[in-house]
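Descriptive structure summary
For reference, the chains in residue letters:
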Amino acid sequence: MLRVVLARAARSARRTTHFDLDFPREPQLEPYWCHKHRRECRPVETSAQFLRRYTLDTLARLREFAHLRARGRTATVIHGDVREQELGRFDGVLTSPPYPGLIDYHEQHRYAYELLGLDDRREREVGAAAAGTSRPALAAYSDGIVAALVNAKHSLRRGAPVLIVVNDRRDLYPEILERAGLRLEERLRRHVNRRTGRRAGEFFEDVLIAR
Ligand SMILES: C[S@@+](CC[C@H](N)C(=O)[O-])C[C@H]1O[C@@H](n2cnc3c(N)ncnc32)[C@H](O)[C@@H]1O
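Residues numbered from 1 in each chain as written. Predicted model: local features only at pLDDT ≥ 70, side-chain atom pairs only at ≥ 80, totals over all residues. Heavy atoms only, no water.

What about the site of the ligand?
Going by this rule: Any residue with a heavy atom positioned within 4 Å of a molecule or strand is treated as near that molecule or strand. Here a polar contact is taken to be a pair of N or O atoms separated by no more than 3.5 Å, where protein atoms must pair a possible hydrogen donor with a possible acceptor and residues adjacent in sequence count only if both atoms sit in side chains. Values of accessible area rely on a 1.4 Å probe in the Shrake-Rupley scheme; residue burial ignores everything except the protein chains shown. Basically, the charged four are Asp, Glu, Lys and Arg, the nonpolar ten are Ala, Val, Leu, Ile, Met, Phe, Trp, Tyr, Cys and Pro, and anything else, Gly included, counts as polar.
Residues in close proximity to the ligand include Gly 80, Asp 81, Val 82, Arg 83, Ser 96, Pro 97, Pro 98, Tyr 105, Arg 124, Glu 125 and Val 126, which together make up its full environment. One of the side-chain nitrogen or oxygen atoms of Asp 81 is found 3.0 Å away from a nitrogen atom of the ligand. Within the backbone of Arg 124, one N or O atom sits 3.0 Å away from a nitrogen atom of the ligand. In isolation the ligand has 590 Å² of accessible area, and contact with the protein removes 57% of it. Partitioning the shell around the ligand into residue classes produces 5 nonpolar, 2 polar and 4 charged.

Right, here's the structure in full:
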């Protein structure tokens, strides 16, 4: 648990600007004009307040979860490639897949991989930013998500729901679902308003409900 606290604190204590938490390029060492807060902000100087804040917050979350959690239920976290991972039996899937060419997750969360002692499998990331958004990259992305859904389907009873959270602005998912043998039942639109970093415009995501 302390390592999780440390990873959360490390993310907040990075010397980056408030408006570029997602893709910091170089350490911000001096005060700067902050586009997010519209005033001069200072880079982080000490991590103590974050360690304190996340220790208390993590304890509060554990306590809250202990109330909600059904007796005898366990949760398992698997660090594996979902295209080939043996998953067990389940009544449903809820997934938030990567978007093509947007984020290098290993790189963006490198501090956490190192602090938690997870091995680096960046070459297995589907839709990594490093792969870009060329036509072959998008085709590889679709193949990857199809393989993930087909593998997940093996673990589900017939007719079980598969919920996918996406911003499908390239309209890739109708074909992905069809290739994975899933039928779209409903599409719920969701406004995303708690975002880090500075990005242009409003952002919406869909929750695709398929079976
Ligand atoms: C949009 S994020 C969602 C993360 C998580 N569901 C959450 O809400 O915090 C997409 C995730 O897919 C992971 N991912 C990419 N390729 C993968 C693969 N082949 N197998 C398993 N996970 C993968 C990325 O590392 C990233 O954590």
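What about the pairing of strand E6 (residues 204–210)?
Stated formally: Working definition: with a 1.4 Å probe on protein chains only, accessible area under 20% of the residue-type maximum means buried, over 50% means exposed, and in between means partly exposed. Secondary structure is summarised from DSSP: a helix means a run of H or I of at least four residues, a strand means a run of E of at least two, and numbering begins at the N terminus for each. Whether two strands pair comes down to DSSP finding at least two bridges between them.
Most of E6 is tucked away: 6 of the 7 residues are buried. Of the pairings in the sheet, the one linking strand E4 (residues 162–166) to E6 comprises 5 bridges and is antiparallel in character. By the bridge assignment for E6, Val 162 is matched with Ala 210. With 7 bridges joining them, strand E5 (residues 184–191) and E6 adopt antiparallel strand pairing. If you follow Arg 187 over to E6, its bridge partner there is Leu 208.

Structural notes on the environment of Asp 143
Looking at where Asp 143 falls in the secondary structure, it is placed in helix H5 (residues 135–153). In this structure the C-alpha to C-alpha distance between Asp 143 and Arg 83, which are 60 residues apart in sequence, comes to 10.0 Å. A polar contact of 2.9 Å, which involves the side chain of Asp 143, links it to the side chain of Arg 179.

What about the domain arrangement of the protein?
Heads up, the rule is: The source of the domain bounds is an automatic or database domain assignment. Contact between two residues is taken to exist if any of their heavy atoms lie within 4.5 Å; hydrogens are not considered. A quick way to say it: buried area is the sum, across both parts, of accessible area lost when two parts are put together, with a 1.4 Å probe. A carboxyl oxygen of Asp or Glu within 4 Å of a side-chain nitrogen of Lys or Arg is what we treat as a salt bridge.
In terms of domain boundaries, the protein breaks down into domain 1 (2–68) and domain 2 (93–210). Computed from C-alpha atoms alone, the centre-to-centre distance between domain 1 and domain 2 is 26 Å. At the junction of the two partners, domain 1 supplies 12 residues and domain 2 supplies 14 residues. Around 1200 Å² of area is buried between domain 1 and domain 2 when both sides are counted, 58% of it from carbon and sulfur atoms. Its largest share of buried area at the contact with domain 2, domain 1 owes to Arg 3, Arg 11 and Asp 22, together 41% of the area lost on that side. In this structure, the connection of domain 1 to domain 2 is made through 0 salt bridges. Counting every contact that joins domain 1 to domain 2 gives 2 residue pairs in polar contact (both at pLDDT 80 or more). Class assignment of the residues belonging to the side of domain 1 that touches domain 2 gives a composition of 7 nonpolar, 1 polar and 4 charged.

Description of the packing of aromatic side chains
The line we're drawing: Aromatic contacts are taken between Phe, Tyr and Trp rings whose centres are within 6.5 Å, Trp giving its six-membered ring; a plane angle under 30 degrees counts as stacked, one over 60 as edge-to-face, and the others as tilted. As a reminder, the over-ring test applies to NZ of lysine and CZ of arginine, requiring each to be within 6 Å of the ring centre and within 35 degrees of the ring normal.
Applying the stated criterion across every chain yields a total of 1 aromatic pair. Centre to centre, the rings of Phe 19 and Tyr 32 are 6.1 Å apart; their planes meet at 70 degrees, and the pair counts as edge-to-face. Linking Phe 19 in the loop between helix H1 (2–12) and strand E1 (32–34) with Tyr 32 in strand E1, this pair joins segments that are 13 residues apart in sequence. With relative accessibility at 15%, the residue Phe 19 sits in the buried group. Lying over the aromatic face of Tyr 54, Arg 53 brings its terminal NZ or CZ to 6.0 Å of the ring centre.

Some words on the environment of Pro 98
Residue position: Pro 98 is located in the loop between strand E3 (93–95) and helix H3 (105–108). When the C-alpha atoms of Pro 98 and Arg 135 are compared, they prove to be 17 Å apart, with 37 residues separating the residues in sequence. Not counting the four nearest positions on each side in its chain, Pro 98 is found in contact with Tyr 105, Val 126, Tyr 141, Ile 145 and Tyr 173.

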